[in-house]
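Commentary on secondary and tertiary structure
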Amino acid sequence: MRYIEPHAHMVSRTTDDYLAMVTAGCQAVCEPAFWAGFDRRSVDGFYDYFCQLTEHEPSRAAKFGLPHFAWLCINPKEAEDLKLAGEVIDIIPQFFDRPNVLGIGEIGLNKNSRNELAVFERHVDLAARHDQLILIHTPHLEDKLKGTKLIVDALKSDGRIQPGRVIIDHVEEHTIELVLDAGFWAGMTLYPESKCTAARAVDMVGLYGRERLWMNSACDWGVSVPLAVPRAALEMRQRGHAAETVDEMIYQNPIRFLGQSGKFKLPGSQ
Ligand SMILES: [Zn+2]
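Treat the numbers as computed from the prediction; the structure is a model and nothing was measured.

1. Overview of the packing of aromatic side chains
By the definition in use, this model includes 10 aromatic pairs. A ring pair is formed by Phe69 and Phe264, whose centres lie 4.7 Å apart and whose planes are at 45 degrees; its orientation type is tilted. Taken together, the positions of Phe69 in strand S3 (residues 68–72) and Phe264 in the segment after helix H9 (243–258) put the pair 195 residues apart, joining distant regions of the chain. In this structure, Phe69 and Phe264 share a single accessibility class: buried. Through successive ring pairs, a cluster of aromatic residues spans Phe46, Tyr47, Tyr49, Phe50 and Phe95. Its end group placed over the ring of Trp35, Lys77 keeps NZ or CZ at 4.4 Å from the ring centre.

2. A word on the side chain of Gln132
Structurally, the position occupied by Gln132 is in the loop between helix H4 (114–129) and strand S5 (133–137). For Gln132, a relative accessible area of 14% puts it in the buried group. From its side chain, Gln132 meets the backbone oxygen of His130 in a polar contact 3.3 Å long. Discounting residues that sit within four places of it in the chain, Gln132 has contacts with Phe96, Leu102, Gly103, Ile104, Ala127 and Arg165.

3. With respect to the coordination of the zinc ion
Taken together, His7 (NE2), His9 (NE2) and Glu106 (OE) make up the protein donors of the zinc ion, found 2.0 to 2.1 Å from the metal. Counting residues between consecutive donors of the zinc ion along the chain gives the motif H-x1-H-x96-E. Placement of the pair is His9 in the loop between strand S1 (3–5) and helix H1 (15–23) and Glu106 in strand S4 (residues 101–108), with a sequence separation of 97 residues. In this pair, the class of His9 matches that of Glu106, namely buried.

4. A word on the side chain of Thr54
With respect to the secondary-structure elements, Thr54 resides in helix H2 (residues 43–62). If we ignore the near neighbours within four places in the chain, the residues touching Thr54 are Phe95, Arg98, Asn100 and Val101.

Reading guide: rules and limits
- Residues numbered from 1 in each chain as written.
- Predicted model: local features only at pLDDT ≥ 70, side-chain atom pairs only at ≥ 80, totals over all residues.
- Heavy atoms only, no water.
- Phe/Tyr/Trp six-rings, centres within 6.5 Å; stacked < 30°, edge-to-face > 60°.
- Helix = DSSP H or I, 4+ residues; strand = E, 2+ residues; numbered from the N terminus.
- Buried < 20%, exposed > 50% of the residue type's maximum accessible area, 1.4 Å probe, protein only.
- Lys NZ or Arg CZ within 6 Å of the ring centre and 35° of its normal.
- Polar contact = N/O pair within 3.5 Å; in protein donor to acceptor, adjacent residues only side chain to side chain.
- Contact = heavy atoms within 4.5 Å.
- Donors = N, O, S within 2.8 Å, 3.2 Å for Na, K, Ca; no water.

Written out as structure tokens, the structure reads:
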């Protein structure tokens, strides 16, 4: 089996997790900027985090032969402080030419607040001006449908945004159609407790096809499983999906989306 882990917060994981992922067939890992579990107090905290994502973590992953890519932003949980958010957005462009930076993410909404939406729109503008891919986080539970609608509407109203260059992550049964119908990519996040189980993800593959869909573990500092993608692949095989279909879902699809950045290259590829 070979797969891409397109959404994992590796700064929170141990080297044993890297070893397990590579052993399971992981060919590349992509790490969106995320909430640290506590609010950072200054722009300097974000600067250091962006250096961690673009310097330290790629070299840690390289020790296991694993290419590491990153997405940059201030996450929605820290977007209530508009002054800080503005300062963070202003330092992002100096990282765009780093070799592992794929785009802006994971931006989005958490509580669907006015400030979160304003910061979301500033990130979208930044991505549009710098021709960057976008990775989007959608809210949890009862806020998810409303938040996803707000996000889709904001993106549609910006004529510079090409839906095929945006992935909206953490979709569930009640949001996936909205995302795919608008032309965006959709990500299914495999979590043991919240979000989506492997069984539900494979059901959605059956219902909606595989064209603009990927699966990720989003493993972070909370309860999450770094091997969730290969385990979902196993679930697909057990349900009778062909090996080629599984490969398309967990390997070829992420490459098709991420390859649009021009920086996403695997060893040995052109
Ligand atoms: Zn995440």
